[in-house]
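# Residue-level structure breakdown
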Amino acid sequence: MHGLIQKDLYSIAGSLKSLLLVMVVFGIIFIPQSGGISFIAVTVFMMSALVISTISMDDFVKWDKYALTLPLSRKDIVKSKYELLIIFSVIGSVIGLGVSAAYNLIVKEASMADLLLMGIMMIAISIALLSIVMPVIYKYGVEKARILMMVCIFLPIILILGLVYLAEDAGIAIPEMNEVLVIVSALLVSAAVFLLSYFVSLRIYSKIDL
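Here's a quick rundown of the structure. What you see as residue numbers is a count from 1 along each chain, following the sequence as written. Whole-chain, interface and lining totals are the exception, using all residues; otherwise, since this is a predicted model, local features are given only for residues with pLDDT of at least 70 and side-chain atom pairs are given and counted only at 80 or more. Each side-chain value is worked out from all heavy atoms of the structure, with water and hydrogens disregarded.

## Observations regarding the packing of aromatic side chains
- Here a pair means two rings of Phe, Tyr or Trp (six-membered ring of Trp) with centres within 6.5 Å. Their orientation is stacked below 30 degrees between planes, edge-to-face above 60, and tilted elsewhere. Per the counting criterion, the structure on display carries five aromatic pairs.
- When the centroid spacing of 5.5 Å and the interplanar angle of 55° are considered together, the rings of W63 and Y66 count as tilted. You can see W63 and its partner Y66 sitting in helix α5 (residues 63-67), three residues apart, about one turn around the helix.
- Only protein chains enter the accessibility calculation, which uses a 1.4 Å probe; a residue is then buried when its area is under 20% of its type maximum, exposed when over 50%, and partly exposed in between. For Y66, a relative accessible area of 46% puts it in the partly exposed group.
- Ring centres 5.2 Å apart and planes at 65° place the aromatic pair Y198 and F199 in the edge-to-face group.
- Judged by relative accessible area, Y198 falls into the buried class, the value being 9%.
- A relative accessible area of 53% means that F199 is categorised as exposed.
- One aromatic cluster is present, built from ring pairs that chain together Y82, F194, Y198 and F199. Strands here are runs of E lasting at least two residues and helices are runs of H or I lasting at least four, both read from the DSSP assignment and numbered beginning at the N terminus.

## Observations concerning the pattern of salt bridges
- What counts as a salt bridge is simple: a side-chain nitrogen of Lys or Arg found within 4 Å of a carboxyl oxygen of Asp or Glu. Inspection of the entire model under this criterion finds four salt bridges.
- Of the charged contacts in the structure, one is a salt bridge between K7 and D58, with a shortest N-O distance of 2.8 Å. Residue K7 is located in helix α1 (residues 2-11), and its partner D58 is located in helix α4 (residues 50-61); the two are separated by 51 residues in the primary sequence.
- For D58, the salt bridge identified is with K81, shortest N-O distance 2.8 Å. Here K81 lies in helix α6 (residues 74-107) and D58 lies in helix α4, a separation of 23 residues in the sequence. The burial state of D58 is the same as that of K81; both residues are buried.
- If you follow the salt bridges from partner to partner, you end up with K7, D8, D58 and K81 in one network.

## Things to note about helix α9 (residues 179-206)
- Take the residue count of a helix, subtract one, and multiply by 1.5 Å to get its expected span. Taking 1.5 Å of rise per residue, the 28 residues of α9 would be expected to cover 40 Å, and the 40 Å separating its terminal C-alpha atoms lies within 8% of that figure.
- Residues of α9 that are buried include every one of I183, A186, S190, F194, S197, Y198, S201, L202, I204 and Y205, and no others.

## Thoughts on the side chain of D64
- Considering the arrangement of structural elements, one finds D64 in helix α5.
- The buried charged residue D64 lacks any salt bridge, with K7 as its nearest oppositely charged partner at 6.1 Å.
- Between N or O atoms, a polar contact is any pair within 3.5 Å; within protein, one atom must be a potential hydrogen donor and the other a potential acceptor, and residues adjacent in sequence are included only when both atoms are from side chains. Only 2.7 Å separates the side chain of D64 from the side chain of Y205, close enough to count as a polar contact. Only four residue types enter the tally: Lys and Arg on the positive side, Asp and Glu on the negative side, with His and both chain ends excluded.

## Some remarks on the nonpolar core
- We define the nonpolar core as a collection of buried residues of types Ala, Val, Leu, Ile, Met, Phe, Trp, Tyr and Cys that are connected through side-chain atoms lying within 4.5 Å of one another. Within the largest apolar cluster, 34 residues are counted, with the highest numbers of intra-cluster contacts made by V51 and I137.
- Elements with a contribution of two residues or more to this core: α1, α2 (13-34), α4, α5, α6, α7 (112-140), α8 (142-169) and α9.
- In terms of nonpolar packing, the next biggest core, distinct from the first, is built from nine residues, I40, L115, M118 and L129 among them.

## Digging into α4
- With twelve residues, α4 should cover 16 Å at 1.5 Å per step; its first-to-last C-alpha distance of 17 Å lies within 8% of that length.
- Along α4, the positions that sit buried rather than exposed are L50, V51, I52, T54, I55 and D58.
- Where α4 ends, the next residue or the one after it, K62, has phi of about 60°, a positive value.

## Focus on the packing of α7 against α9
- The convention used is that axes are lines fitted to C-alpha atoms, helices contributing only their stretch in contact, and that angles between N-to-C directions extend from 0 to 180 degrees. Contact geometry for α7 and α9: axes closest at 8 Å, N-to-C directions at 20°. Here α7 lies roughly parallel to α9, going by the angle between them. Two packed elements cross with a definite hand, and for α7 against α9 that hand is left-handed. Any angle that is under 35 degrees is reported as roughly parallel, and any over 145 degrees as roughly antiparallel; angles of 65 to 115 degrees are reported as roughly perpendicular and all others as oblique. The hand of a helix crossing depends on one turn: near helix anticlockwise from the far one by less than a right angle means left-handed, and clockwise means right-handed.

## Section: the environment of G96
- The residue G96 is located in helix α6 in this model.
- G96 gets classed as buried once you look at its relative accessible area, which sits at 0%.
- Put simply, G96 and G119 are 23 residues apart on the chain and 7.6 Å apart in space, counted from C-alpha to C-alpha.

Dropping the structure here:
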């Protein structure tokens, strides 16, 4: 299992180095304009989306057909991708938190508690959204999944911003919510979506003729 994850990390090593550099440069430009909290969201989504790149590379070189000649099961292959999704999401959050915290030491824009809560929230959201995409990848292929991923990312943002705008325009006050309760709820929902997605993907993948 760990060997499959290492294989994926090696296969995207070049892309990962370039992406990390882009994140740092992007952070220097983006954070002063939009803040550290927004930057955390960007880094988490950029990193978590790399799991799709690993599947695309596997498809290109017909890796799965070769992997099944090894002492590996289809369950191992699918499980490794879902573990990789968690790993990438956490790495993205850590990068976002690190850069945002460094900037925050200078400008004191947000508290470390707010940044940490945002990091945890974005891990939950990115895992949930990519979990929705994963079964589509196994069913229809990477390209169609990319389209769904864009919809999953931008549609909720548009809906939330639209509802906030309409509420403010109508003079409706948005109630304050307990941050800890929101985080716990998000993690529970994300875990449920993640597990459901895993079993759906495993069922789809087990029926694919490689």
